[in-house]
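Okay, here's what each chain looks like letter by letter:
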Amino acid sequence: MTIDNTEGARAQIGVTGLAVMGSNIARNFARHGHTVALHNRSIAKTHALIEEHGSEGDFVRTETIEEFVGALQKPRRVLIMVKAGDPTDAVIEELAAAMEPGDIIIDGGNALYTDTIRREASLRERGLHFVGAGISGGEEGALNGPSIMPGGPKESYAALGPLLESIAAQVDGTPCCTHIGPDGSGHFVKMVHNGIEYADMQLIGEAYNLLGSALGYDAGKIADVFTDWNGGDLESYLVEITAEVLRQKDAKTGKPLVDVIVDAAEQKGTGRWTVKSALDLGVPVTGIAEAVFARALSGSREQRKAAVGLASGVLADKPTDAAQFTEDIRQALYASKVVAYAQGFDQIAAGSAEYDWDLHPADLATIWRGGCIIRARFLNRIKDAYDENPKLPSLILAPYFRDAIETAIDSWRRVVSTATLLGIPVPAFASSLSYYDALRAERLPAALTQGQRDFFGAHTYERVDAEGKFHTLWSGDRSEVQA
Ligand code: NBP
């Protein structure tokens, strides 16, 4: 039902920005019995939504920001779903001018978390609550139940949480939405979620490439492998849709669609943000970084074209035991995925410490179990691991994952070494294995790095057998002094 805006303030929530995400979330609210005030910069999208879906619930159509704000019950709750960046600032400014202290502005776009920190501080000064909410699940999730990661002031969650939880995905009766922490934490966590998504997709891509290039499987046969894997520990949305994409036939040529898609991956920037943030925080997110770089390399089309035909060296014979190698790839995929998540959770712990957010990893694993792109059976195991020990030094050290990697390790090594000998690129598999080997090593070559740094820059080093910092007089008599 469309309610005329002359009926006064009766909407529980307002949504401004009615493109794909905003219109689907507005419909989701309405389908859950909430009255939703609608607003969009240009009125056409508001009209289209009401015309096509007005019968799904109670919508209030508004044209101006003043009308929109006037249609809302207090404390007013407005969800902004506009393009991230300057448009978000423009809309916040317009809304803030029309709202009153105690009202809540929610930014559900993919904002950079440092922007959210800035916006929250500025609106707090004006008495408004600002909630940066990460929303994952794409178009389909927005309509049928996304995973929602709201940050911002805890007290605003009392007025907002039940509304958001009602439209979120539910797993075992638990909503995939919880208060994440102060200011930019919701968007930070969503950013890392997207980074993990990049790594997961890259790893799946490497598995697909190995099945095709090392075993000669066609897209249909690879789809069957992924469907089979989806029945086990790898069960996840991304593995499931991989099989669907691989099975899709191109109507024009009759070939598998994947074979006629240009092999240059694009990106919107959240993976890059994750890696930049990880560099600032000093957290090695090698799986995510390899995934971002792999997309960049795939997109360097001119360079790649010029490099086709470069020497490969003598390549090894392809594996003869296809069943064994397929199982090896499955194990390598699982182990590398554990590394990607472990690194993502390390980054979340580092962000939490840096910004004093007190983030709870088990809560994140819980709300990522449904609605979002990285939803997976695996997340139940992560939740269990952090429930058992919230201060786990690394997810890899949780007994379940330690055992899983122990089971996978021989396969993982076989996959990385076979791929190398066949000249098949596996950047994320290989770097994840190297990360694992570095993490478990008793000694690293960093001792030499420290020696070199001391040699050219007198940067000093620590000793294994004494407290304090030391320096060798490299250009003098090479004796050691305490720094
Ligand atoms: P878009 O990111 O394509 O943004 C389009 C909307 O922004 C339209 O409503 C447009 O109004 C409005 N807008 C723009 Br552009 N500039 C504006 C301005 N200066 N003032 C007011 N409104 C302005 O929409 P989307 O794909 O639905 O995504 C919305 C948000 O959700 C984005 O931040 C996106 O990153 C995030 N997100 C997207 C996904 C996804 O799967 N697509 C998933 C999760 C999060 P107009 O109609 O008048 O042009």
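Predicted model, so just to flag it, every value in this text is computed and none were measured. (Residues numbered from 1 in each chain as written. Predicted model: local features only at pLDDT ≥ 70, side-chain atom pairs only at ≥ 80, totals over all residues. Heavy atoms only, no water.)

Colleague: For this particular structure, what's the right way to read the overall build of the protein chain?
Modeller: Broken down by element type, the protein chain carries 19 helices and 13 strands. Relative to its length of 483 residues, the protein chain is compact, with a C-alpha radius of gyration of 26 Å against a globular reference of 23 Å. If you line up the protein chain on its principal axes, its C-alpha atoms span 85 × 70 × 45 Å. Buried positions account for 51% of the 483 residues belonging to the protein chain. A separation of at least 24 residues holds for 67% of the contacts in the protein chain among residues at least 6 apart in sequence. For the protein chain, the computed accessible surface area is about 22,600 Å², with 52% contributed by carbon and sulfur atoms. For the protein chain, the distance from the average position of its 46 positive side-chain charges to the average position of its 65 negative side-chain charges is 3 Å. (Helix = DSSP H or I, 4+ residues; strand = E, 2+ residues; numbered from the N terminus. Rg over C-alpha atoms; globule rule 2.2 N^0.38 Å. Buried < 20%, exposed > 50% of the residue type's maximum accessible area, 1.4 Å probe, protein only. Contact = heavy atoms within 4.5 Å. Areas by Shrake-Rupley, 256 points an atom, 1.4 Å probe, with all protein chains shown as cover. Lys, Arg positive; Asp, Glu negative; His and termini not counted. Charge placed at Lys NZ, Arg CZ, Asp CG, Glu CD.)

Colleague: What's the story with the layout of surface pockets in this structure? I'm lost.
Modeller: Remark: the empty space left among the atoms is shown by a probe the size of a water molecule rolled over them. Taken as a whole, the largest pocket spans an internal volume of roughly 1,800 Å³. The dominant element in the lining of the largest pocket, judged by the number of residues it contributes, is helix H8 (residues 185–213), at eleven residues. When grouped by side-chain class, the residues that make up the lining of the largest pocket number 30 nonpolar, ten polar and eight charged. There is about 1,400 Å³ of room inside the second largest pocket. Forming the boundary of the second largest pocket are 45 residues, of which Val 82, Lys 83, Ala 84, Asn 110 and Lys 268 lie nearest the centre. Every element with two or more residues in the lining of the second largest pocket is listed here: helix H1 (20–31), helix H4 (86–98), strand S7 (129–136), helix H6 (138–144), H8 and helix H11 (270–281). Among the elements that take part in the lining of the second largest pocket, H8 stands out by supplying five residues, more than any other. (1 Å grid on protein atoms, 1.4 Å probe; cavity = no way out; pocket = protein on both sides within 12 Å on 5 of 7 lines; lining within 4 Å. Points joined across faces, edges and corners; volume = space filled by probe spheres on them. Nonpolar A, V, L, I, M, F, W, Y, C, P; charged D, E, K, R; others polar.)

Colleague: Please clarify how the environment of Ser 417 should be interpreted in this entry.
Modeller: Locating Ser 417 in the fold gives a position in helix H17 (residues 399–422). Ser 417 gets classed as partly exposed once you look at its relative accessible area, which sits at 38%. The spatial distance from the C-alpha of Ser 417 to the C-alpha of Ala 430 is 8.7 Å, given a sequence separation of 13 residues.

Colleague: I tried to follow the pairing of strand S2 (residues 13–16) on my own but got confused; where do I start?
Modeller: In summary, the side chains of a regular strand alternate between the two faces of the sheet. The side-chain alternation of S2 yields two buried faces, one formed by Ile 13 and Val 15 and the other by Gly 14 and Thr 16. Sheet analysis places S2 next to strand S3 (residues 36–39), joined by four bridges and oriented parallel. Within S3, the position partnered with Gly 14 by the bridge is Ala 37. Handedness of the β-α-β unit built from S2, H1 and S3 comes out right-handed. Inspection of the sheet shows S2 paired to strand S5 (residues 77–80) by three bridges, in the parallel sense. Pairing of Gly 14 across the sheet is with Val 78, part of S5. (Pairing = 2+ DSSP bridges. Right-handed = clockwise from strand over helix to strand, strands pointing away.)

Colleague: What's the story with the sheet that holds strand S11 (residues 461–463) in this structure? I'm lost.
Modeller: Strand pairs in the sheet, formed through backbone hydrogen bonds, run parallel or antiparallel to each other. Spatially, three strands are ordered S11-S12-S13 in an open sheet, and the strand pairing comes out antiparallel. Of all the strands in the sheet, just S11 and strand S13 (480–482) have a single pairing partner and so form its edges. For this sheet, the mean angle separating the axes of adjacent strands, direction not counted, is 50°. Where strand S12 (residues 466–472) lies against S13, three bridges are found, and the strand directions are antiparallel. In the strand pairing of S13, Thr 472 is matched with Glu 480. (Axes fitted to C-alpha atoms, helices over the stretch in contact; angles between N-to-C directions.)

Colleague: I keep staring at the pattern of salt bridges and nothing clicks. Help me out?
Modeller: Close approach of charged atoms lets side chains of opposite charge pair. All told, the structure shown has 24 salt bridges when counted by the stated rule. With its nearest N and O atoms 3.1 Å apart, the salt bridge here joins Asp 224 to Arg 247. Taken together, the residues span a long stretch of sequence, with Asp 224 in helix H9 (residues 219–229) and Arg 247 in helix H10 (residues 237–247) at a distance of 23 residues. According to the relative accessible area criterion, Asp 224 is partly exposed, its value standing at 46%. With a relative accessible area of 39%, Arg 247 lands in the partly exposed category. Salt bridges linked by common partners bring Asp 89, Asp 107, Asp 115, Arg 118 and Arg 119 together as one network. (Salt bridge = Lys/Arg side-chain N within 4 Å of Asp/Glu carboxyl O.)

Colleague: Help me out: how do you make sense of the pairing of S7 in this one?
Modeller: Most of S7 sits out of view: eight of its eight residues are buried. What you see with S7 is no split at all: His 129, Val 131, Ala 133 and Ile 135 on one side and Phe 130, Gly 132, Gly 134 and Ser 136 on the other are buried throughout. Pairing of strand S6 (residues 104–107) with S7, which is carried by four bridges, proceeds in the parallel orientation. Residue Ile 106 lies in a different strand from S7, and its bridge partner there is Val 131. This β-α-β element, S6 to helix H5 (residues 113–125) to S7, shows right-handed connectivity.

Colleague: What is the right way to read the domain arrangement of the protein chain from this model?
Modeller: When the domains of the protein chain are assigned, the result is domain 1 (13–179), domain 2 (191–440) and domain 3 (445–482). Computed over C-alpha atoms, the centres of domain 1 and domain 2 are 32 Å apart. With both chains or domains summed, domain 1 and domain 2 bury close to 1,400 Å², and 66% of this area falls on carbon and sulfur atoms. The interface formed by domain 1 and domain 2 includes one salt bridge. Counting the contacts that link domain 1 with domain 2 gives five residue pairs in polar contact (both at pLDDT 80 or more). (Domains from an automatic or database assignment. Buried area = accessible area lost by both parts, 1.4 Å probe. Polar contact = N/O pair within 3.5 Å; in protein donor to acceptor, adjacent residues only side chain to side chain.)

Colleague: I would appreciate a short explanation of the site of the ligand in the present structure.
Modeller: If you check the shell around the ligand, you find 19 residues, and the closest are Met 21, Asn 40, Arg 41, Ser 42 and Lys 45. Here Val 20 contributes a backbone N or O atom positioned 3.4 Å from an oxygen atom of the ligand. Between Lys 45 and the ligand, the recorded distance is 2.6 Å, taken from a side-chain N or O atom to an oxygen atom. Burial of the ligand by the protein amounts to 75% of the accessible area it has alone, namely 910 Å². Among the detected pockets, the ligand sits in the second largest pocket. The residue inventory of the shell around the ligand, partitioned by class, reads ten nonpolar, six polar and three charged. (Near = heavy atom within 4 Å. Sits in = over half its atoms within 2 Å of the grid points.)

Colleague: Honestly, the UniProt feature "binding site: substrate" (unreviewed entry) in the protein chain in this entry has me stumped. Any pointers?
Modeller: Feature annotation in UniProt assigns "binding site: substrate" (unreviewed entry) to the following positions: Asn 110, Ser 136, Gly 137, Gly 138, His 193, Asn 194, Tyr 198, Lys 268, Arg 295, Arg 453 and His 459. Spanning 350 residues, the named residues are also spread out in space, since their farthest C-alpha pair is 48.4 Å apart. Lining the largest pocket, from the residues named above, are Tyr 198 and Arg 295. Structurally, Asn 110 is set in the loop between S6 and H5. In this structure Asn 110 touches Ala 84, Lys 190, Asn 194, Thr 270 and Trp 273, once residues within four positions along its chain are discounted. Within the structure, the side chain of Asn 110 is placed 2.8 Å from the side chain of Lys 190, a separation counted as a polar contact. Secondary-structure assignment places Ser 136 in strand S7. (UniProt positions renumbered as here; feature names shortened; annotations may be inferred.)

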